[in-house]
Amino acid sequence: MLKALPVDVVENISVADFQTRYFDTQKPVVIRGGASHWPAMQRWQPAYLKDKLAGRTVQLFGSKDGIHFDKKVTPFVKATQYTLPAETFVDRTFGLAESDMVYYLRQQAISNFSELTGDIDAPKFANRRISETCLWIGGTGNITNTHYDMNDNFLVQVSGRKRLMLFSSEQFDELYPMAANTPNTSNYASVDIANPDLAAYPAFAKAQPFEAFLEPGDMLFIPVFWWHWVQTLEAGCSVNFWWCQNGGRMWRKQMFHYMPRVCRDRYLMRYSSALIPH
């Protein structure tokens with residue numbers, strides 16, 4: 001993996017300073033202890049989660065090696081989907097019961113877990129309407145491959161630890177994004193940043209990653225279109241908040257990197273399929 005620069009880490013930053021130094025410049029930052037006041041920081045331990053979620057089942061994914069997406073397999077989603085009693089999932093995820101799988105309850109709307117919503121607060125730094133709030137609970141070793149999101153994002157670590165590698169939105173060609181006609185995964189990179197094949201993806205050698213580590217209570221700002229790879233270092237819980245960007249501002253800043261290729265791929269997908277004999 002390439003040598004990474006550290007993501008800025010701040011404490012006790014004001015909303016105004018965050019706006020000027022990080023949001024306006026679209027630069028990631030770890031706000032150390034930014035969510036330490038949440039009741040979830042004390043409550044979301046295995047016993048509490050099992051008590052609150054007792055009697056219900058959860059939809060989740062499991063993988064032997066923690067890797068959930070792999071472009072070398074078909075379909076692209078490598079992990080297997082499971083439905084488990086919540087108590088069983090918690091025990092296996094936090095090492096209270098034996099398991100040969102690494103489980104991940106990922107990107108599930110927090111509104112579906114009303115038992116937990118009173119334990120968190122929306123980040124005060126989000127300056128526009130929050131479009132989606134999601135819960136993530138996963139075991140040690142989970143990997144979410146490199147991808148970008150279409151909204152600004154705050155990732156809050158409640159328990160456990162995470163490591164992230166980020167790449168600026170300008171590093172579009174260096175990450176070799178998958179084709180725009182790839183179902184549900186066109187925002188993922190083709191290159192495996194942990195074990196890059198530089199013969200196949202030579203431009204990645206010029207990429208500049210940024211590295212961040214999250215501890216309980218930390219909050220990471222991930223600007224829209226910034227690529228990020230996520231590794232769970234210690235089993236735990238996270239909550240993320242996507243909030244709506246100013247559309248005109250977002251596209252003026254990013255369209256030269258993203259729109260031409262998206263339009264090209266969609267054009268080719270539409271017209272190449274029409275030329276194929278049936």
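Residues numbered from 1 in each chain as written. Predicted model: local features only at pLDDT ≥ 70, side-chain atom pairs only at ≥ 80, totals over all residues. Heavy atoms only, no water.

Chemist: Mind showing me how you'd approach the environment of tyrosine 22 here?
Modeler: Looking at the element boundaries, tyrosine 22 is found in helix H1 (residues 15–23). Between the C-alpha atom of tyrosine 22 and that of proline 223, which follows or precedes it by 201 residues, the distance is 8.8 Å. One polar contact links tyrosine 22 to arginine 21, side chain to side chain, over a distance of 3.2 Å. (Helix = DSSP H or I, 4+ residues; strand = E, 2+ residues; numbered from the N terminus. Polar contact = N/O pair within 3.5 Å; in protein donor to acceptor, adjacent residues only side chain to side chain.)

Chemist: I'm lost on the side chain of aspartate 119 in this one. Help?
Modeler: Inspection of the secondary structure assignment puts aspartate 119 in the loop between strand E6 (102–109) and strand E7 (130–138). For aspartate 119, a relative accessible area of 3% gives the class buried. In this structure the side chain of aspartate 119 is engaged in a polar contact, spanning 2.5 Å, whose partner is the side chain of arginine 43. Setting aside chain neighbours within four positions, we find aspartate 119 in contact with Trp38, Pro39, Ala40, Arg43, Trp44 and Tyr48. (Buried < 20%, exposed > 50% of the residue type's maximum accessible area, 1.4 Å probe, protein only. Contact = heavy atoms within 4.5 Å.)

Chemist: Mind showing me how you'd approach H1 here?
Modeler: An α-helix turns once every 3.6 residues. As a result, residues three or four positions apart point the same way. Residues of H1 that are buried: Phe18, Tyr22 and Phe23. Each buried residue of H1 lies within a common arc of 75 degrees when the element is viewed along its axis, so the set occupies one face. Structural note: H1 exposes Ala16 and Thr20 on the side pointing more than 90 degrees away from its buried face. (Arc of directions from axis to C-beta.)

Chemist: Can you help me understand the pairing of strand E9 (residues 152–157) in this one?
Modeler: Each regular strand shows side chains that alternate between the opposite faces of the sheet. Burial analysis of E9 places six of its six residues in the buried class, which makes it a mostly covered element. Across the two faces of E9 the burial is the same, with Asp152, Phe154 and Val156 and Asn153, Leu155 and Gln157 all buried. Of the strand pairs in this sheet, E9 and strand E14 (residues 236–243) are connected by six bridges, and their pairing is antiparallel. Looking at the pairing, valine 156 lines up with valine 239 of E14. (Pairing = 2+ DSSP bridges.)

Chemist: What should I look at first to understand the pattern of salt bridges in this one?
Modeler: A side chain with one charge may pair with a side chain of the opposite charge, provided their charged atoms come close. Tallied over the entire structure, the rule returns eight salt bridges. Of the charged contacts in the structure, one is a salt bridge between arginine 32 and aspartate 218, with a shortest N-O distance of 2.4 Å. Of this pair, arginine 32 sits in the loop between strand E3 (29–31) and helix H2 (40–43) while aspartate 218 sits in the loop between strand E11 (210–214) and strand E12 (219–222), and the two are 186 residues apart along the sequence. Its salt-bridge partner being aspartate 100, residue lysine 64 comes within 2.7 Å of it at the nearest N-O pair. Placement of lysine 64 in the loop between strand E4 (57–63) and strand E5 (80–85) and of aspartate 100 in the loop between helix H4 (86–93) and E6 is noted, with a sequence separation of 36 residues between them. When its relative accessible area of 52% is taken as the criterion, aspartate 100 is described as exposed. (Salt bridge = Lys/Arg side-chain N within 4 Å of Asp/Glu carboxyl O.)

Chemist: Help me out: how do you make sense of the side chain of glutamine 108 in this one?
Modeler: As for its placement among the helices and strands, glutamine 108 is situated in strand E6. A polar contact of 2.3 Å, which involves the side chain of glutamine 108, links it to the backbone oxygen of glutamine 59. Filtering out sequence-adjacent residues up to four positions away, glutamine 108 remains in contact with Gln59, Leu60, Phe113, Thr133, Cys134 and Leu135.

Chemist: Got a minute to help me understand the confidence of the model for the chain in this structure?
Modeler: Detailed reading of the predicted coordinates is not advisable wherever pLDDT is low. Considering every residue of the chain, the mean pLDDT works out to 86; 82% of them sit at 70 or more. Predicted confidence for residues 272–278 stays below pLDDT 50, and this span has two contacts to residues more than four positions away or in other chains. (pLDDT = per-residue confidence, 0-100.)

Chemist: Help me out: how do you make sense of the environment of methionine 150 in this one?
Modeler: With respect to the element layout, methionine 150 can be found in the loop between strand E8 (143–147) and E9. We classify methionine 150 as partly exposed; its relative accessible area is 44%. Separated by 76 residues in sequence, methionine 150 and tryptophan 226 place their C-alpha atoms 9.2 Å apart.

Chemist: Mind showing me how you'd approach the environment of phenylalanine 94 here?
Modeler: As for its position among the elements, phenylalanine 94 is in the loop between H4 and E6. Judged by relative accessible area, phenylalanine 94 falls into the partly exposed class, the value being 21%. Sequence spacing of phenylalanine 94 and threonine 140 is 46 residues, and the spatial spacing of their C-alpha atoms is 8.3 Å. Discounting residues that sit within four places of it in the chain, phenylalanine 94 has contacts with Pro46, Leu49, Ile137, Ala235, Gly236 and Cys237.

Chemist: Looking at this structure, how should I read the packing of aromatic side chains?
Modeler: For any pair of aromatic rings, the description rests on two quantities: the centre-to-centre distance and the angle between the ring planes. Considering all chains together, one arrives at 18 aromatic pairs under this definition. Here the aromatic cluster, defined as three or more aromatic residues joined through ring pairs, consists of Phe18, Phe23, Phe125, Phe154, Phe221 and Trp243. Just above the ring of phenylalanine 61 sits the side chain of arginine 106; from NZ or CZ to the centre is 3.8 Å. (Phe/Tyr/Trp six-rings, centres within 6.5 Å; stacked < 30°, edge-to-face > 60°. Lys NZ or Arg CZ within 6 Å of the ring centre and 35° of its normal.)

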